[in-house]
Amino acid sequence: MSETVLPDLRLVGTSTAAGGRYNRVKITGECEVSGDLACRKMSAMGNISVEGTLSSDELSLTGEAVIRGTVRAGTIRGRGELRFANAARVDKVDFTGNVSVRGDLEAERFLLSGACSIDGLLNADLLEIRLYGPCRVKEIGGESLVVKRSRVSKLMGLVNAGGPAMLTADVIEGDSVELSNTEAGVVRGNRVVIGPDCAIGKVEYRTSLAVHKSAVVKERVRI
Amino acid sequence: MERELISKKDLLDQTGISYGQLYRWKRKQLIPEEWFIRKSTFTGQETFFPKDLILARIDKILNMKDDLSLDQVAGKLSPSLPDYEMRKCDLMKRNIVSNVVLQRFAGQDPDPTVYAFEMILYLYVIDSLLQAGDMSLEEGERLLAAMRDHFPNFEGKPCELIFLRKMGVSSFALVSVPSQVYFDSGVKIVARLSMTEAIERLKSKLI
């Protein structure tokens with residue numbers, strides 16, 4: 001994809017496209033892509049759905065994106081709703097809104113302000129989640145994991161219909177783990193900080209463990 | 001044939017690597033997905049690995065990562081077939097495939113003939129089965145034909161070679177991994193060999 005000159009794709013309004021390989025893709029409005037889409041740069045505003053796989057070096061999104069195939073991307077940034085019906089491998093995710101993935105999500109950096117639902121493993125070197133709504137992840141693994149509740153969501157919690165701003169996970173494993181508002185079965189790590197409003201079944205730690213007074217940890221094991 | 005497994009916790013203890021490293025290596029596909037075996041234990045679900053494979057792999061990564069970047073290491077370890085070719089006489093000289101095999105299966109080709117990686121792989125697999133004493137030369141010919149016809153169908157996906165015998169009659173099967181295969185009672189599995197591992201071993205010999 002390096003030397004060949006690839007065309008650009010610009011779409012405005014309600015439209016459909018077959019897919020293919022492009023240099024830049026710019027979509028404003030509503031667009032349905034019926035095949036695989038590969039491009040260097042993509043920016044989309046509005047509703048977009050891709051039936052096949054999506055690969056892009058840079059992806060910026062405002063609105064809703066539904067991708068049925070696997071996703072490979074350099075960076076994904078933007079706000080709105082992301083729905084991946086398959087696994088995704090991304091270098092960096094910096095997103096505000098709702099992310100749902102029906103498979104594994106792998107990223108070097110995963111920064112999310114919002115809510116998410118990930119059916120598989122969320123594997124990220126650096127993970128930062130600011131909770132604005134319910135987050136449900138089966139497994140989280142990585143090096144540095146930080147989960148915080150946003151200040152706003154405390155107020156919004158009174159009127160929020162989507163559910164409380166909580167993270168629920170079966171297993172969380174990392175070198176440095178900092179959690180708050182989290183319900184997890186097992187948390188394993190070297191340095192573990194369990195913040196306010198957590199309910200953890202079991203914590204296995206190596207170097208240090210700090211537990212906030214409002215958190216509940218059933219079992220603590222030092223290995 | 002059940003493989004010995006090691007839990008993730010024991011693995012980290014034994015090798016001294018951290019969760020972050022393990023997950024990073026998984027992301028870079030240095031550790032294949034099939035090796036992550038989920039099992040439920042009395043403490044909930046835990047991840048296990050095939051012990052011999054993962055320990056050898058981690059050792060390899062730790063050794064290589066001092067002078068190579070992780071992406072370079074990934075290239076060396078990936079199961080995809082490299083664009084690597086070698087002349088017949090070099091194969092002989094470097095003792096990658098034994099003389100007997102070369103003579104029998106490639107006797108008519110002149111010495112400077114260049115073989116693609118796939119062909120070297122087939123010869124290498126045949127050679128290792130012959131050396132283990134599991135297979136006869138005639139069976140080797142059938143194996144070569146079977147691999148030539150069917151191995152490319154896997155398109156780089158992991159697969160296994162099963163060599164079985166029943167009442168003295170032998171046959172070969174290539175199956176994708178992970179899969180479960182069951183045979184009737186008279187069947188004896190002579191050898192079961194992962195092609196992915198064979199590719200890796202051959203790569204480390206060639207490159």
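All values derive from a computational prediction rather than experimental measurement.

(A) Just the environment of K166 of chain B, in detail. Residues and elements named next belong to chain B. As for its position among the elements, K166 is in strand β6 (residues 159–166). Expressed as a C-alpha distance, the spacing of K166 and K188, which sit 22 residues apart in the sequence, is 6.2 Å. Sequence-distant contacts of K166, that is, excluding residues within four places in its chain, are made with D184, G186 and V187. Reaching out from K166, the side chain makes a polar contact with the side chain of D184 at a distance of 2.9 Å.

(B) Looking closely at helix α8 (residues 137–150) of chain B. Residues and elements named next belong to chain B. With 14 residues, α8 extends 20 Å from end C-alpha to end C-alpha; this agrees with the ideal 20 Å at 1.5 Å per step. Those residues of α8 not exposed but buried are E139, G140, L143, L144 and M147. In a view along the axis of α8, the buried residues occupy a sector of 145°, so they form one face of it. Set apart from the buried face of α8 by more than 90 degrees, the exposed residues are E138 and D149. For α8, the elements touching its buried residues are α6 (99–106), α7 (117–131), β6, β7 (169–176) and α9 (195–206).

(C) Main features of the pattern of salt bridges. In the structure shown here, the tally under the stated rule is 28 salt bridges over all chains. In this structure, R83 of chain A and E81 of chain A form a salt bridge, with 3.5 Å as the shortest nitrogen-oxygen distance. Via salt bridges that share partners, E173, R188, K202 and E204 of chain A together with K8 and K9 of chain B belong to a single interconnected network.

(D) Structural context of the interface of chain B and chain A. On the chain A side, the residues contacting the 18 residues of chain B number 25 residues. Interface area, chain B with chain A, both sides summed: about 1800 Å², of which 37% is carbon and sulfur. The largest per-residue losses of area from chain B upon contact with chain A belong to Y19, Y23 and R27 of chain B, which jointly make up 41% of the total buried on that side. Summed over the shared surface of chain B and chain A, the result is eight salt bridges. Linking chain B with chain A are 14 residue pairs in polar contact (both at pLDDT 80 or more), by the criterion used here. Of all the secondary structure elements, the ones that give two or more residues to the side of chain B that touches chain A are α1 (8–15), α2 (19–27) and β3 (44–50) of chain B. Top element by residues in the side of chain B that touches chain A is α2 of chain B. It accounts for six residues. Within the side of chain B that touches chain A, the residues separate by chemical class into three nonpolar, five polar and ten charged.

(E) Inspection of the sheet that holds β7 of chain B at higher detail. Residue and element names in this part refer to chain B. Strands sit in the order β7-β6-β8 across an open sheet of three strands; the sheet is antiparallel. Two strands in the sheet have a free side with no partner beyond their single neighbour: β7 and β8 (188–194). For this sheet, the mean angle separating the axes of adjacent strands, direction not counted, is 20°. On the sheet, α8 packs against β6 and β7 and is oriented at approximately 25° with respect to β7. Here α9 sits on the sheet in contact with β6, β7 and β8, set at roughly 50° to β8.

(F) Focus on the domain arrangement of chain B. All names here are of chain B. Its domain assignment divides chain B into domain 1 (5–77) and domain 2 (86–206). Computed from C-alpha coordinates alone, the two centres of domain 1 and domain 2 are separated by 28 Å. Interface area lost by domain 1 to domain 2 is led by E34, L53 and K60, which between them contribute 57%. There are two salt bridges connecting domain 1 and domain 2. Of the charged contacts in the structure, one is a salt bridge between E200 and K60, with a shortest N-O distance of 3.8 Å. Our enumeration of links across domain 1 and domain 2 arrives at one residue pair in polar contact (both at pLDDT 80 or more). Elements with a minimum of two residues in the side of domain 1 that touches domain 2: α3 (51–64) and α4 (70–77). Residue classes in the side of domain 1 that touches domain 2 are distributed as two nonpolar, one polar and four charged.

Parameters and conventions
- Residues numbered from 1 in each chain as written.
- Chains lettered and ligands numbered in written order.
- Predicted model: local features only at pLDDT ≥ 70, side-chain atom pairs only at ≥ 80, totals over all residues.
- Heavy atoms only, no water.
- Helix = DSSP H or I, 4+ residues; strand = E, 2+ residues; numbered from the N terminus.
- Contact = heavy atoms within 4.5 Å.
- Polar contact = N/O pair within 3.5 Å; in protein donor to acceptor, adjacent residues only side chain to side chain.
- Expected span 1.5 Å × (residues − 1).
- Buried < 20%, exposed > 50% of the residue type's maximum accessible area, 1.4 Å probe, protein only.
- Arc of directions from axis to C-beta.
- Salt bridge = Lys/Arg side-chain N within 4 Å of Asp/Glu carboxyl O.
- Buried area = accessible area lost by both parts, 1.4 Å probe.
- Nonpolar A, V, L, I, M, F, W, Y, C, P; charged D, E, K, R; others polar.
- Pairing = 2+ DSSP bridges.
- Axes fitted to C-alpha atoms, helices over the stretch in contact; angles between N-to-C directions.
- Domains from an automatic or database assignment.

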